[in-house]
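# What the coordinates show
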Amino acid sequence: MSGKTLDYLRRLNAPREIEDSRPLRIAVWAAVVISVFSLAPQGVSSQALVLSSVVLISLGSYLSWRRRYHSNLVFKAVIMLLTVAALVSFLRQVSMQPYDPRIPLAELFVWVQVLHSFDLPRGKDLLLSLVSSLILLALAGSFSLSASFGLIVLLWLAAAIPALYFIQQSRLRSLSREPERSSAPRTSARYIAVMLVVLMVLVSLSGLAVGAFMPRISTNYLRSLPYSIRRAFFSSGGYDFSNPGYPNLPSRPPDSALEMNPEAYFGFGTFLDLRVRGTMVDLPVMKVRSTDPAYWSGLSFQEYNGYAWVNPEEEPDELKVSVQPFAIGYDASQPHSSKRTIVQTYYLQAEQPNVIFAAWRPEVLYYPSDAVYQDSSGLKSPFTLDDGLVYSVISRDMVSSEIPASVSLEVKEGTLLPYLELPQMTDRVLELADEITPSGAGPYARALAIEEFLENEYEYSLDVPPLPAGADAVDYFLFEQRRGYCEHFATAYAVLCRLVSVPARVVTGYATGDYNPFTGLYEVSLDDAHAWVEIYVEGIGWVTREPTPSFSLPEASQGIGALWIFRDFFSWVGRNLSALLPGSLRSALKAGFTAVASAASALVSGFLYSLSEAPWLLFVLVLVILLLPLAWAARKLRRAKAPPQTQNGPLLAMRDFLAALSSLGFERGRSQTAGEFLGGVCAVVPGLNLSGELLLFERARYGRRPLPEDDVRRLRQGLAVALVQVRLRAKDRSARHDRKGEETNP
Amino acid sequence: MVLIGVNAQSGWLFWLAGMLLAAVLVSWFISLLEVRRLSLIRRHRPEIDEEEPLRVVLDIHNGGRFSRNLIAVIDEDPAATEPRRRPRLKAKRKSLREHLQDPSPPEKESPVSSGGRAAFLVSRIAAEGGASLTYQRGGLRRGIYEDWPCFFYSEGIIGLARHTSRMHPASRLVVLPHYAELGSFPLVDSFLHPHKTPREYSSKKGAGIDYYGVREFRSGDPLRHVHWKTTARRGELVVREFERETGTPLVVLVDNRVRGGPRADFSTLLDAEARLAASVVHYAHYAGHPVTLAAFRGEVPELYDVPGFRAALRWLAALQPSSGSGLEEQAEGLWPELSPGCFFCCITPARSLDSGRFAAALPHMCHTALVLVDPLSHNGNGSSRGAGFSPEQVVSGLAEAPFAGLFSVSLYRKGDDLRKCLEKPLIIYGDSTPRGR
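Residues numbered from 1 in each chain as written. Chains lettered and ligands numbered in written order. Predicted model: local features only at pLDDT ≥ 70, side-chain atom pairs only at ≥ 80, totals over all residues. Heavy atoms only, no water.

## Some remarks on the overall build of chain A
Each helix and strand in chain A was counted, giving 19 helices and 20 strands. For chain A, the residues scored as buried account for 48% of the 746 residues in total. By element, 60% of the accessible surface of chain A is carried by carbon and sulfur atoms, the whole surface being about 36,900 Å². (Helix = DSSP H or I, 4+ residues; strand = E, 2+ residues; numbered from the N terminus. Buried < 20%, exposed > 50% of the residue type's maximum accessible area, 1.4 Å probe, protein only. Areas by Shrake-Rupley, 256 points an atom, 1.4 Å probe, with all protein chains shown as cover.)

Set out below in structure tokens:
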């Protein structure tokens, strides 16, 4: 290579803008390491990869600090080659697993961080590392299912904010000059630490506020919904029902009550035994991401025998696909109308029976299997649902509140006959059914009346005596027990509906669960196991109803359900804080938070309502929002263009005085100071002395403090008097000049 | 991040996006607050010479209840002529072509040598406290500068937003034109040593340098005029009083009329004329001669009887370009002010001259020295655009004294030595033989 080329390359690679700030490098290193560590708990990368990456990043950061003034050509060449290799590997992985490129992307970014850490001479390189760490953190966040990810975010923020501060400090320092002398105090490390902590608290709190009010838009997926990102496809081996909590479950209800396992729900099986007594423990079962809250149906039951619900013994239909998703079909004689689409993704956290949970009515299923099963009770999986299983469902439904109560079409029996059949009920049950339903009311109205009756007249309780032998569960509940839990209410409701010719079935599954505003997931636990009813409304289809008191159907409230989460956020905060507080304070706080959330919700609802009633209001608002910044910018521009207006009284007075003198022919030269000019004027006007006024003016103009009011007044008066004298003199001169003119030209 | 969050329906991405948005908002608020309640006083000498660096002291006071952090104080260039928008601190970047030609990093300029904006970083100003910065600024051109702005600039500590506040601290700076202390100026010397000048050009008043009395010393009197014997006798400084002191003044016309070409180029030309004028005035004034400076504001002549050399410098510092026409018209405009036999020094850009008209405008027996300034060498891009002639052509056109009364012709180019140019004119007329350099 010629000398010139070598010299050119040397200048090209010459170290420039080298960053010498150690605190900055440490802060960036911390942010990068935290972001890499964040991948491990989410199952995105293996622990070995994470640990080795952290070690390499640390080594690289140290080496790039030590060698920051070297050109490091060899390092750069090796980094370039390895980066290309990482990119090729990423593209290969994406082509093999196209449905979710996040894991290959996360690995690529980890490699980028590792390689980049070996060559970080400049502030810009460190900033790039910081941005990459944010991307890694976001990737980890997209996988995270728990609120504990918030701690990682806070830790990252604790590293990122100091990094930004030091980058800023370094950058401004490089763009500024060193003054000859400066009396500005040096900033101590303690002061910087306190300032950064305050800043972090501000950003965190503001972030919570902004995040709480940010709308969660529920548009969806690019290509497909997620389903078990880490599980290989299982080939199906036929269907065999299995409930891990009840491994020896018979296919028909036993003679005596089933013994309850508090760690598993007895409602997932071939029968629902209404004689079971006991409570379940609060164990996490699954997390659900859903565009709308709903009940997560498991199984529906058809036949009531007086003490249990059973399903007919039928061979379920096998649904096979070679390419996901599964399209779920239904009996065409039972049409279904829907206005709402609910997209759900389920993340299992505990082993569950081989029942595919979904909001009613599932129509599209993404499931890590080549086959699923379907029968009259619901969708079934070829294998039990393990911890870590992920699948997605798209359901379409009617919002119950949108169904008019006046729907009057009576059901044509046909395929719905099984949902109208009952064993012989007691007379009092029959009479009760007639009593509580208004005569002449349509089927839906009748069902609503029954629901209202049960909610008002009966009490929800887990403390329920055992069902006497031979007694009918519904009769005993309605007339003896008068309290019970969801299975009892659901059973009573379904039976009463059938008695008034409304097809009904009991459904078991899980209630919505607790919404976590941070993860955006509904956290479902074992004590959310629930039973409810679906009734058939002609022309609409199966509709979910909730007869159990203190439970309500999870519907989006006033049309702003999943979009705005601030109500859920406040509820979550209240719920978690209240666990730390004594009972009385807890109640007060609960009331307070509920009130605030309701007020905010009402405010937004009212605003949206008024927008819907007066669409022009939206236009006006948008116009105002657009015009305000324009007006502000115009005002700024006007101020910038306008000469600086002095509000200084003495300066204004002197300015006016000079202007008056100018009109009398006493023009100040540009190079003349005020003193020189006024001295000249005093020389021409006999008896005029402006030394005092001049002194006051100079104090006002060049002094550090404003003049006292008395002095300002004295200056003004002095100038006014002087102006009178000058005017007299000018008049006198003019008169003499005229007389001279007359003398020479008579 | 919001888009990915929407797509992946991941709750945490919305929170991360919210956190970023909050960081920007917090940075914006902090930057807005950081530049408020700050005041600044600028202190410096009221007058400096053109080539002298100016030491500026900026006293900053924080009247707020909280400390201010990472504030950049940007003192604007007093001579900046472009509209003063709020500044942004950005690194100087080379264009791609420049970078390919020379990949070395761009050099930082210091306000000491090159002028321009001066930015200083103050890490912290305590609440109700202050800081003082001192720096030097150079590269100031002749002129009067008042109340140029100063800015406080903040990027919100973490650099995600920025705000600037503008101050107009009261300042008045007069940059006086540079001048050379001449050892001689032939036109003025012909006052003192008429025997050295051609007889027909010497002044009629007095044949020599005999004085007719002594007077007390006045500030500005040259020491060579001190009458030491009388001083020793009286015990106070006395100087010779020459007949000529109350005689014919020297009128120095500075041609400040812009005639074609960019105004910026003419300003450079006018600076050179001011320096030449200052040098001539310095010599004549301290030789004891009354001097009158003349220029034009529009069509109106502006005359200034120089009371002292410093005042003359200030007058020259304030001199601005004016629109107008040729030297001939200026001479015609000055005619009422010039008395017969006066001494007239005309400093003008080297352009073609209508000698007849010019001479007709001058009074009888007026001794004129022409100091020509080469506009080409003062042209920013060195082009001869708008010139249509070269200075050499102009000088050679004056080789034969085109009119009676023309005493000497000098030519000044950018970079020439002022002293040499004025002490040794290109042509001195006399004995009908011009003497060239």
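## Looking at unusual backbone geometry
For the bond running from W360 of chain A to R361 of chain A, omega is 0°, close enough to zero to count as cis. Structurally, the position occupied by R361 of chain A is in the loop between β9 (340-348) and β10 (362-366). Here the phi dihedral of L70 of chain B falls at roughly 50°; this positive angle occurs in a residue that is not glycine. Tracing the sequence through the fold places L70 of chain B in strand β4 (residues 68-75). The class of L70 of chain B is buried, set by a relative accessible area of 1%.

## Considerations on the sheet that holds β4 of chain B
Spatially, β5-β4-β8-β9 (chain B) is the arrangement adopted by the four strands of the open sheet, whose pairing is antiparallel. At either margin of the open sheet sits one strand with a lone partner, and together these are β5 (118-125) and β9 (163-167) of chain B. Along the sheet, successive strands turn relative to each other by an average axial angle of 25°, direction set aside. Across seven bridges, β4 of chain B lies against β5 of chain B in antiparallel orientation. Residue pairing for β5 of chain B: R68 of chain B is matched across the bridge by I125 of chain B. Together, β4, β5 and β8 (150-154) of chain B form the strand contacts of helix α7 (residues 149-175) of chain A, whose direction differs from that of β5 of chain B by roughly 145°. (Pairing = 2+ DSSP bridges. Axes fitted to C-alpha atoms, helices over the stretch in contact; angles between N-to-C directions. Contact = heavy atoms within 4.5 Å.)

## As for the confidence of the model for chain B
All names here are of chain B. Chain-level pLDDT for chain B is 79 on average; 81% of the residues reach the 70-or-more range. pLDDT under 50 marks residues 194-210. Its contacts with residues more than four places away, or in other chains, come to 28 contacts. Considering only residues more than four positions removed or in separate chains, one finds that residues 383-387, a stretch of pLDDT under 50, has five contacts. (pLDDT = per-residue confidence, 0-100.)

## Observations concerning the interface of chain B and chain A
Contacts between chain B and chain A engage 74 residues on the former and 77 residues on the latter. Summing the contributions of chain B and of chain A, the shared interface buries around 6,800 Å²; its carbon and sulfur component is 62%. Remark: the boundary between chain B and chain A carries three salt bridges. The residue E676 of chain A makes a salt bridge to R314 of chain B at a minimum N-O spacing of 2.8 Å. One can count 13 residue pairs in polar contact (both at pLDDT 80 or more) joining chain B with chain A. When residues in the side of chain B that touches chain A are grouped by element, the largest group, 16 residues, is from helix α2 (residues 11-34) of chain B. Classifying every residue of the side of chain B that touches chain A by side-chain character gives 40 nonpolar, 19 polar and 15 charged. (Buried area = accessible area lost by both parts, 1.4 Å probe. Salt bridge = Lys/Arg side-chain N within 4 Å of Asp/Glu carboxyl O. Polar contact = N/O pair within 3.5 Å; in protein donor to acceptor, adjacent residues only side chain to side chain. Nonpolar A, V, L, I, M, F, W, Y, C, P; charged D, E, K, R; others polar.)

## So, the pattern of salt bridges
For the structure shown, the criterion picks out 34 salt bridges over all chains. A salt bridge links D77 of chain B to R137 of chain B; its shortest N-O distance comes to 4.0 Å. Linking D77 of chain B in the loop between β4 and α3 (96-101) with R137 of chain B in strand β6 (residues 130-137), this pair joins segments that are 60 residues apart in sequence. What makes R137 of chain B buried here is its relative accessible area of 0%. Each member of the salt-bridge network shares a partner with another, and the members are E676 of chain A together with E47, R310 and R314 of chain B.

## Overview of the packing of aromatic side chains
Residues and elements named next belong to chain A. Across all of its chains, the model carries 29 aromatic pairs over all chains by this definition. Ring geometry for W296 versus Y346: centroids 5.8 Å apart, planes at 90°, classification edge-to-face. One end of the pair, W296, is in strand β4 (residues 296-301); the other, Y346, is in strand β9, and 50 residues separate them in sequence. Overall, W296 belongs to the buried group, its relative accessible area being 0%. (Phe/Tyr/Trp six-rings, centres within 6.5 Å; stacked < 30°, edge-to-face > 60°.)

## Quick notes on the sheet that holds strand β16 (residues 504-510) of chain A
Sheet strands line up and pair through hydrogen bonds in the backbone, either parallel or antiparallel. All names here are of chain A. If you walk across this open sheet you meet the four strands as β4-β16-β19-β20, and the pairing is antiparallel. Across the chains shown, the open sheet's two edge strands, defined by having one partner strand only, are β4 and β20 (541-545). When the angles between neighbouring strand axes are averaged without regard to direction, this sheet yields 35°. Relative to β16, β4 runs antiparallel, the two being bridged by five bridges. Bridge pairing in β16 places S297 opposite G509. Contacts from helix α12 (residues 486-499) reach β4, β16, β19 (529-537) and β20, with the element oriented near 15° to β19.

## Brief notes about helix α16 (residues 649-663) of chain A
Residue and element names in this part refer to chain A. The end-to-end C-alpha distance of α16, which contains 15 residues, comes to 21 Å, matching closely the 21 Å that a straight helix rising 1.5 Å per residue would cover. Within α16 the residues assigned to the buried category are G649, P650, L651, A653, M654, F657, A660 and L661. Of the residues one or two after α16, G665 is the one with positive phi, at around 100°. (Expected span 1.5 Å × (residues − 1).)

## Details of the side chain of N243 of chain A
With respect to the element layout, N243 of chain A can be found in the loop between α8 (189-213) and β2 (271-273). With relative accessibility at 4%, the residue N243 of chain A sits in the buried group.

## Regarding the nonpolar core
Nonpolar side chains in soluble globular proteins tend to be buried together. The biggest cluster of nonpolar side chains holds 160 residues, and the ones touching the most others in it are W296, Y391, L454 and I535 of chain A. Here the element with the most residues in this core is α7 of chain A; it accounts for 15 residues. Among the nonpolar cores identified, the runner-up in size contains 50 residues, and A180, V280, V291 and I347 of chain B belong to it. (Core = buried A, V, L, I, M, F, W, Y, C linked by side-chain atoms within 4.5 Å.)

## Points about helix α6 (residues 123-143) of chain A
Along its 21 residues, α6 of chain A runs 31 Å from first to last C-alpha, staying within 8% of the 30 Å computed at 1.5 Å per residue. Most of α6 of chain A is tucked away, with 16 of its 21 residues classed as buried.

## Description of the pairing of strand β18 (residues 343-349) of chain B
All names here are of chain B. Counting buried residues in β18 gives seven out of seven residues, a clear majority hidden from the surface. Side chains F343, C345, I347 and P349 project from β18 onto one buried face, and the interleaved F344, C346 and T348 project onto a second face that is buried too. In this structure, strand β13 (residues 250-254) lies alongside β18, joined through five bridges in parallel fashion. Note on β18: the bridge partner recorded for L250 is F343.

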